[in-house]
Amino acid sequence: MPTDLPASSRVLIEARLRPMQGTRFQPTGFPDIGAATYRLADGTEMLLVESPQSIANRLEAVCWDEAASELVAPLRGLPYVRVLQDGQFLTSSIQEAHRLNSVYIEKSDGFGRITEEIGHTEPMDRRKLARALLKLDPNSLVHGTFLESISGTLRLSRAVSGFIEASGVQVVASGGVKNDRVSAATDAEGGGGTAKDGFGNVPFHRDEYAAAQLVAYLNIDLSQLRSYGFDAHETRFLFVLTLWKVQRFLAEGLRLRTACDLDVVDIRVSRPDGWTLPALSVLEAEVHGLIEQLGASGAFARPPITEVSYSPAGGAAKKPKPGKKV
């Protein structure tokens, strides 16, 4: 089948991109340094458009229906932790940057139950941890986890990572002004207040970029997926889920910022040789069927959604002592 794991250690995907309209785009920025620009040995000017951390967040975001505060339809039945506050939806392990290690889960009334399900002895039992995460939150097996709230050894790296680079870049310096329709002058000029307080016309500058080429790189670590020790159906489920995230991101998730709306020119698989990325429609049907199959087999929690209640006044969960089974 096109969704079976290929016999290789990695699946490497490259997607050539272009701005949806025009030629300019705004890259991600970093505190104190701005855009991440660099130069290759041959003099080519390069730019990091999107970091691995941001791509991970975007691959998770495509799973969530913001309007319904629920998983998108093809993923219904996938286990995750849903956090309530005063009976109302607050957040979830799908949305939280640290997934199950979110402070809103750690300080909930259900964190003790989650800790018991995961368990812990030192040295870490990798397969036991993977089995517990498959049951509670398979998303953590794809995007990695660090459950330092339970123990500093409960860590799994990302099985999928990515970034977007631009080459042959040039800065497009532009700007604008925030207009005050009541008084253009600031206090220093005899106006009614200071620019810091929002008064007066305030000019600003902005650097956008144009590039000869924009490429999104995605890397799926098949060796890591196999290392969890699952059966063939469970491993294939994680692989199909990851491919679905990648295809959904490329199809619907490339509006990275207001001034960075990208479109796919073409997609190619650079490894393994001759392997083809399945279409999104194929992956949607496959992932939905595998979720139903694993739910029926008992691999997932029943019910799949673990609901917990967060209280701002709740105390932090206690960490178990090293070597103590919990």
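Below: a short report on this structure. Treat the numbers as computed from the prediction; the structure is a model and nothing was measured.

**Some remarks on the pairing of strand β6 (residues 80–85)**
So, point 1. By the criterion of burial, β6 is predominantly enclosed, with five of the six residues buried.
So, point 2. Judged from the five bridges that link them, β6 and strand β16 (residues 305–309) form a sheet pairing that is parallel. Across the sheet, residue V83 finds its bridge partner in β16, namely V308.
So, point 3. Both β6 and strand β7 (residues 88–92) contribute to a ladder of four bridges, which runs antiparallel. Its bridge partner being in β7, V83 is matched across the sheet by T91.
So, point 4. Hairpin connection between β6 and β7: a loop of two residues separates the two successive antiparallel strands, and D86 in this loop has a positive phi of roughly 55°.

**Some words on a nonpolar patch on the surface**
So, point 1. A contiguous nonpolar patch, built from L90, V103 and Y104 and spanning about 210 Å² of accessible area, is present on the exposed surface.
So, point 2. Taking the relative accessible area as the measure of exposure, V103 reaches 37% and is therefore partly exposed.

**Points about the sheet that holds strand β14 (residues 255–257)**
Pairing between the strands of a sheet is mediated by backbone hydrogen bonds and can be parallel or antiparallel.
So, point 1. With respect to topology, seven strands assemble into an open sheet ordered β2-β3-β10-β13-β1-β15-β14, the strand pairing being antiparallel. Edge positions in the sheet fall to β2 (36–39) and β14, since each has one partner strand and no second. Averaged over all neighbouring strand pairs, the angle between strand axes comes to 35°, with direction disregarded.
So, point 2. Packing against the sheet, helix α1 (residues 52–61) makes contact with β3 (45–50), β10 (160–167), β13 (213–221) and β14, and its axis sits at approximately 120° to β10.
So, point 3. Helix α7 (residues 232–252) contacts β1 (10–19), β10, β13, β14 and β15 (260–271) of the sheet and is inclined by roughly 170° relative to β13.

**Some words on the packing of aromatic side chains**
So, point 1. What the rule picks out here adds up to seven aromatic pairs.
So, point 2. Centroid distance W64 to Y80: 5.6 Å. Interplanar angle 90°. Geometry classified as edge-to-face. Placement of the pair is W64 in strand β4 (residues 64–65) and Y80 in strand β6, with a sequence separation of 16 residues.
So, point 3. With centroids separated by 5.0 Å and ring planes inclined at 80°, the aromatic side chains of Y104 and Y310 adopt a geometry described as edge-to-face. Within this pair, whereas Y104 is found in helix α2 (residues 103–106), its partner Y310 is found in the segment after β16, the two being separated by 206 residues in sequence.
So, point 4. We classify Y104 as partly exposed; its relative accessible area is 31%.
So, point 5. Put simply, the rings of W64, Y80 and F89 touch in pairs and so form one group of aromatic residues.

Conventions we followed
Residues numbered from 1 in each chain as written. Predicted model: local features only at pLDDT ≥ 70, side-chain atom pairs only at ≥ 80, totals over all residues. Heavy atoms only, no water. Buried < 20%, exposed > 50% of the residue type's maximum accessible area, 1.4 Å probe, protein only. Helix = DSSP H or I, 4+ residues; strand = E, 2+ residues; numbered from the N terminus. Pairing = 2+ DSSP bridges. Patch = residues over 30% accessible without salt bridge, like charges linked within 9 Å, V, L, I, M, F, W, Y side chains within 5 Å. Areas by Shrake-Rupley, 256 points an atom, 1.4 Å probe, with all protein chains shown as cover. Salt bridge = Lys/Arg side-chain N within 4 Å of Asp/Glu carboxyl O. Axes fitted to C-alpha atoms, helices over the stretch in contact; angles between N-to-C directions. Contact = heavy atoms within 4.5 Å. Phe/Tyr/Trp six-rings, centres within 6.5 Å; stacked < 30°, edge-to-face > 60°.

Bear in mind that shape data such as this cannot, by itself, settle questions of function.
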